[in-house]
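Overview (structure and organization)
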Amino acid sequence: MLFVYALATIPVFVVLGLVAQLSRSRLARRAMEIVMLSGVAAFGLALGTLADDAVQWVLVSMLALLFVVGVVLHVRSYSRSA
């Protein structure tokens, strides 16, 4: 269940990031941060429950890569707006 939540937070994070970039909305930026933090927490808890299934590890690797790219873009947006 936590893994599904962690997967679901990725598109929500991306959409909120786009809305925050386009509208310069502080509310959208804060919501994006909350989604990101809750997704990281769920992802961390889900990692502890994963078995040695190769498909799950591929999904986890792809999720981690996508998350890192999202965080990098998020950090860059702060440096551009400052």
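Residues numbered from 1 in each chain as written. Predicted model: local features only at pLDDT ≥ 70, side-chain atom pairs only at ≥ 80, totals over all residues. Heavy atoms only, no water.

1. So, the side chain of Thr 9
In this fold, Thr 9 is placed in helix H1 (residues 2-23). Discounting chain neighbours no more than four positions away, the residues touching Thr 9 are Val 35, Ser 38 and Gly 39. (Helix = DSSP H or I, 4+ residues; strand = E, 2+ residues; numbered from the N terminus. Contact = heavy atoms within 4.5 Å.)

2. Topic: the confidence of the model for the chain
Parts of the model with low pLDDT should not have their predicted coordinates read in detail. With 85% of its residues at a pLDDT of 70 or more, the chain shows a mean pLDDT of 77. Between the elements of the chain, mean pLDDT differs from a low of 73, seen in helix H3 (residues 54-81), to a high of 83, seen in H1. (pLDDT = per-residue confidence, 0-100.)

3. Thoughts on the pattern of salt bridges
When the charged atoms of two side chains lie near each other, side chains of opposite charge can form a pair. Counted under the stated rule, the structure contains one salt bridge. Between Arg 30 and Glu 33 there is a salt bridge, and its shortest N-O distance comes to 3.2 Å. With Arg 30 and Glu 33 both in helix H2 (residues 26-49) and three residues apart, this pair spans about one turn of that helix. Since its relative accessible area comes to 39%, Arg 30 is described here as partly exposed. (Salt bridge = Lys/Arg side-chain N within 4 Å of Asp/Glu carboxyl O. Buried < 20%, exposed > 50% of the residue type's maximum accessible area, 1.4 Å probe, protein only.)

4. Topic: H1
For H1, with 22 residues, the first-to-last C-alpha span of 31 Å sits near the 32 Å given by 1.5 Å per residue. Of all the positions in H1, only Phe 3, Ala 6, Thr 9, Ile 10, Phe 13, Gly 17 and Ala 20 are classed as buried. Among the residues trailing H1, Arg 24 stands out with phi positive, at a value near 55°. (Expected span 1.5 Å × (residues − 1).)

5. Concerning the nonpolar core
Of all hydrophobic cores here, the largest spans eight residues; its members are Phe 3, Ala 6, Ile 10, Ala 42, Phe 43, Ala 46, Val 60 and Leu 63. Of all elements in the fold, only H1, H2 and H3 reach the threshold of two or more residues within this core. Every residue in contact with Phe 43, bar those within four places of it in the chain, is listed here: Ala 6, Val 60, Leu 63 and Ala 64. (Core = buried A, V, L, I, M, F, W, Y, C linked by side-chain atoms within 4.5 Å.)

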